[in-house]
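Examination of the molecular architecture
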Amino acid sequence: MNYAMIWKILGWMLMFEAAFMAPSGVVSALYRESCGIWIAASMGICLAAGGLMVLISRPKTKRIYAREGAVICGLIWFLYSIFGALPFYLSGSIQNIFDAVFETASGFTTTGASILSDVEALPHGILFWRSFTHWVGGMGILVFVMAVVPLAAGGSTMFLMKAESPGPSVKKMVPKAGQTAGILYKLYIVLTAIELLLLLVFRMPVFDAMCLTFGTAGTGGFAVLNSGLATYPISQQVIVTVFMILFGTNFTVYYLIATKRFKEIPKISEVVTYYAIITVATVLITINIHNMYPNAGLALKDAAFQVGSIITTTGYSTTDFNVWPAFSKWILILLMFCGACAGSTGGGIKVSRIQVAVKSLIKELDNAIHPNNVRKIKYDGKPLEHNVLRGINVFIVAYFFTMAFSILLITVDNFDLETNFTAVVATLNNIGPGLSKVGPTANYSCYSNFSVCVLIFDMIAGRLEILPVLVLLSTHTWKGGSLFPGRGKTRHQAGEEDEALLDEGF
């Protein structure tokens with residue numbers, strides 16, 4: 001384990017967190033708010049802690065492997081949530097430190113779950129920081145920093161991307177991982193700028209437009225009004241709907257568009273399936289709720305918004321879908337599990353994993369009928385290797401075990417099953433609102449500090465797709481030998497096997 005390199009990267013990441021807080025300080029200064037002092041103090045603490053960690057680290061090599069990549073990724077998301085809570089706590093905006101960390105973790109993981117009942121009472125600087133955490137965490141904290149400065153040697157940066165990036169696998173768009181990170185963020189920034197411009201053109205206030213754009217881009221869900229997005233004009237709601245869906249799309253599509261490789265886009269079956277699911281779900285819910293609205297157009301608008309919000313795990317709301325018929329609510333719950341595309345800013349299991357799981361089921365049914373048949377599972381025209389299938393199966397098992405155990409833990413608060421079930425599903429899938437006591441018009445303040453800690457873990461585990469966090473908690477990770485096969489082998493051999501395992505599931 002390259003502990004010195006871990007300390008160095010964590011130190012640099014904390015110093016970057018101080019830089020991320022700077023725009024919020026500027027907003028506080030513009031509005032002449034006293035919270036700017038506490039934002040500056042928080043920046044100073046992050047700089048001091050990060051600088052000290054960098055100074056005491058003396059790595060003999062900059063090379064890291066899968067184990068270090070998972071540890072760094074897991075630790076940095078917990079550290080960012082703790083240090084990022086300082087502006088909330090020091091300014092008095094959130095007086096319970098557990099709630100402050102919950103709000104920050106919800107921001108960085110783009111969950112959008114909140115313990116606040118009156119967001120309009122917060123200073124503009126704090127509100128800006130709250131929404132900006134969505135944008136920072138949307139594409140990935142480590143991905144952003146790698147796009148700016150190389151933190152590890154050679155191909156080592158790919159281990160960080162694989163541990164942090166959503167989806168069953170991460171491929172390089174270009175030969176170097178740092179360049180891939182740069183391309184991802186350029187696409188991210190362009191889409192963000194287009195949405196912000198459109199909202200401004202349709203006369204949304206500048207501050208609201210910036211905060212809602214951050215939430216949409218990161219598929220987060222923090223609003224700046226207590227009513228969510230319900231009071232904004234229909235035109236602005238439609239813009240947000242469209243961009244939620246766009247940010248839930250695999251970013252490979254935008255790379256292909258940018259490089260004019262249009263013929264390859266229809267070959268990405270995940271994206272085709274993703275838009276098909278959105279269309280079918282929207283139509284079904286519209287039919288189911290149309291009698292609750294003055295006309296079909298308004299029903300379609302709200303149905304499309306909530307479907308886009310839930311499947312992309314954004315969590316914005318224009319209506320209280322908690323009062324919708326059971327049929328519509330169950331569709332939304334299924335969409336919570338489904339999630340968006342791999343390689344997007346959305347959460348959930350991901351459409352690609354659902355596709356592979358269905359293909360695996362069909363194959364097993366076929367084998368039961370025709371045992372002598374030899375059939376390979378293909379995805380986008382290419383056979384899937386056994387290790388890829390195994391990685392997806394391991395993720396699904398870890399996912400449902402984590403969900404079940406988390407529900408068991410938070411039952412200590414004695415809430416009804418609908419509340420506890422959807423609270424865990426909404427946080428583990430980084431969605432935000434659930435049903436019943438944690439519905440779109442409620443919040444998570446009803447939970448005890450213990451349950452809040454469980455839900456914080458779920459948000460981070462869901463954002464990192466379970467396995468890196470489980471690696472972080474494993475006792476094998478911290479032993480002298482390698483966590484992965486390679487114990488007793490050369491560092492290079494162990495590293496190669498680590499990389500193969502990362503390709504399977506991280």
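Up top is the structure.
Residues numbered from 1 in each chain as written. Predicted model: local features only at pLDDT ≥ 70, side-chain atom pairs only at ≥ 80, totals over all residues. Heavy atoms only, no water.

1. Focus on the overall build of the chain
Stated precisely, the cut-off is as follows: Note on conventions: DSSP H or I runs of at least 4 residues are helices, E runs of at least 2 residues are strands, and numbering of each starts at the N terminus. Throughout, exposure labels follow a simple rule: accessible area from a 1.4 Å probe, protein chains only, divided by the maximum for the residue type, with under 20% read as buried, over 50% as exposed, and the rest as partly exposed. Contacts are residue-level and defined by heavy atoms, with any inter-residue pair within 4.5 Å sufficient. Per-residue and other accessible areas were derived by the Shrake-Rupley procedure at a 1.4 Å probe size, with only the shown protein chains allowed to occlude residues.
Summing up its helical and strand segments, the chain has 21 helices and two strands in all. Counting all 506 residues of the chain, 57% fall into the buried class. Restricting the contact set of the chain to residue pairs at least 6 apart, pairs at least 24 apart contribute 72%. For the chain, the exposed area adds up to about 20,400 Å²; of that, 67% sits on carbon and sulfur atoms.

2. A word on the side chain of Glu 270
Put simply, the rule reads: Charge convention: Lys and Arg are scored as positive, Asp and Glu as negative, and His as well as the terminal groups of each chain are ignored. The salt bridge definition used is simple: a Lys or Arg side-chain nitrogen within 4 Å of an Asp or Glu carboxyl oxygen. Whenever two N or O atoms come within 3.5 Å, that pair is a polar contact, provided that in protein one can donate a hydrogen and the other can accept it, and provided that, for residues adjacent in sequence, both atoms are side-chain atoms.
Considering the arrangement of structural elements, one finds Glu 270 in helix α13 (residues 269–289). Buried charge without a partner: Glu 270 forms no salt bridge, and the closest opposite charge is Lys 350, 7.8 Å away. One polar contact links the side chain of Glu 270 to the main-chain amide nitrogen of Ala 342, over a distance of 2.7 Å. At 3.2 Å, the side chain of Glu 270 and the backbone nitrogen of Ser 352 are in polar contact. When sequence neighbours within four positions are dropped, the list of residues in contact with Glu 270 reads Asn 250, Ala 340, Cys 341, Ala 342, Val 351, Ser 352, Gln 355 and Tyr 379.

3. Examining unusual backbone geometry
A positive phi angle, close to 60°, is found at Thr 313, a residue other than glycine. Its relative accessible area of 0% is what places Thr 313 among the buried residues. Phi is positive for Asn 430, which is not a glycine, with a value near 60°. Looking at where Asn 430 falls in the secondary structure, it is placed in the loop between α18 (417–428) and α19 (449–463). Residue Asn 430 is classed as buried on the basis of its relative accessible area, which comes to 1%.

4. Observations concerning helix α2 (residues 35–56)
Worth spelling out the cut-off: What a helix should span is 1.5 Å times the count of its residues minus one. As used here, the arc is the angular range of directions from the helix axis to the C-beta atoms.
The end-to-end C-alpha distance of α2, which contains 22 residues, comes to 32 Å, matching closely the 32 Å that a straight helix rising 1.5 Å per residue would cover. If you check which residues of α2 are buried, you get Cys 35, Gly 36, Ile 39, Ser 42, Cys 46, Gly 50, Gly 51, Met 53 and Val 54. Buried positions in α2, seen along its axis, are confined to an arc of 160° and lie on one side of it. Exposed residues pointing more than 90 degrees away from the buried face of α2 are listed as Ile 37, Leu 52, Leu 55 and Ile 56. Residues of α2 that are buried in the fold lie against α1 (3–30), α3 (66–84), α4 (86–90) and α6 (124–139).

5. A closer look at the pattern of salt bridges
Throughout the structure, instances matching the rule amount to five salt bridges. Put simply, Glu 465 and Lys 350 hold a salt bridge, and the shortest N to O gap is 2.9 Å. Residue Glu 465 is located in the loop between α19 and α20 (467–473), and its partner Lys 350 is located in the loop between α15 (326–338) and α16 (351–369); the two are separated by 115 residues in the primary sequence. Under the relative-accessibility criterion, Glu 465 is labelled buried at 4%. One network of salt bridges, with partners in common, ties together Lys 350, Arg 353 and Glu 465.

6. Some details on the nonpolar core
Side chains of nonpolar character tend, in soluble globular proteins, to be buried together. Applicable threshold: By nonpolar core is meant a set of buried Ala, Val, Leu, Ile, Met, Phe, Trp, Tyr and Cys residues that side-chain atoms within 4.5 Å join together.
In terms of nonpolar packing, the biggest core is built from 133 residues, with Phe 102, Phe 251 and Tyr 444 touching the most fellow members. If you tally residues by element for this core, the top one is α1, at eleven residues. Within the second largest apolar cluster, six residues are counted, among which are Val 356, Ile 377, Tyr 379 and Ile 392.

7. What to know about the packing of aromatic side chains
Heads up, the rule is: Centres within 6.5 Å are what make two rings of Phe, Tyr or Trp a pair, Trp counting through its six-membered ring; a difference in plane orientation under 30 degrees is then read as stacked, over 60 as edge-to-face, and the rest as tilted. Look at NZ for Lys and CZ for Arg. If either is within 6 Å of the ring centre and within 35 degrees of the ring normal, a charge sits over the ring.
Summed over all chains, the structure comprises 29 aromatic pairs. Both rings, one in Phe 102 and one in Tyr 444, keep their centres 5.7 Å apart while their planes meet at 40°; by these two values the pair is tilted. In this pair, Phe 102 is assigned in helix α5 (residues 97–108) and Tyr 444 in the loop between α18 and α19, connecting sequence segments 342 residues apart. For the pair Phe 102 and Tyr 444, one class covers both residues: buried. Note on Phe 401 and Phe 405: the rings are 6.1 Å apart at their centroids and 5° apart in plane angle, and the pair reads as stacked. Here the residue Phe 401 and the residue Phe 405 both occupy positions in helix α17 (residues 386–410), the gap between them amounting to four residues, near one helical turn. On the accessibility criterion, Phe 401 (58% relative accessible area) is exposed. On the basis of relative accessibility, which here comes to 43%, the residue Phe 405 falls in the partly exposed class. Joined through ring pairs, the aromatic side chains of Phe 128, Phe 132, Trp 135, Tyr 185, Tyr 188, Phe 214, Phe 243, Phe 247, Phe 251 and Tyr 254 make up one cluster. Its end group placed over the ring of Phe 222, Arg 130 keeps NZ or CZ at 3.9 Å from the ring centre. Cation over ring: Arg 353 sits above Phe 395, and NZ or CZ is 3.7 Å from the ring centre.

8. Points about the packing of helix α11 (residues 234–247) against helix α14 (residues 296–311)
The test is simple: The axes are straight lines fitted to the C-alpha atoms, using for helices just the contacting stretch, and the angles between their N-to-C directions are given from 0 to 180°. Handedness of a crossing is defined here by the sense of rotation of the near helix relative to the far one, left-handed for an anticlockwise turn of less than a right angle and right-handed for a clockwise turn. Amino acid classes used here: Ala, Val, Leu, Ile, Met, Phe, Trp, Tyr, Cys and Pro are nonpolar; Asp, Glu, Lys and Arg are charged; the rest, including Gly, are polar.
Taken N-terminus to C-terminus, the directions of α11 and α14 make an angle of 35°; their axes are 9 Å apart at the nearest point. Handedness of the α11/α14 crossing: left-handed. Taking contact as the criterion, the partners of Ile 234, Gln 237, Val 240, Thr 241, Met 244 and Ile 245 in α11 are, on α14, Leu 298, Lys 301, Asp 302, Ala 304, Phe 305, Gly 308 and Ser 309. When grouped by side-chain class, the residues that make up the contact of α11 with α14 number seven nonpolar, four polar and two charged.

9. Considerations on a nonpolar patch on the surface
Note the following rule: For patch detection, residues must exceed 30% relative accessible area and be free of salt bridges, and they are connected within 9 Å for like charges or within 5 Å for nonpolar side chains (Val, Leu, Ile, Met, Phe, Trp, Tyr).
Taken together, Tyr 3, Trp 7, Leu 52, Leu 55, Ile 56 and Trp 478 make up a surface patch of nonpolar side chains, about 650 Å² in accessible area. Those elements giving two or more residues to the nonpolar patch turn out to be α1 and α2. Top element by residues in the nonpolar patch is α2. It accounts for three residues. Along the chain, the position of Leu 52 falls in helix α2.

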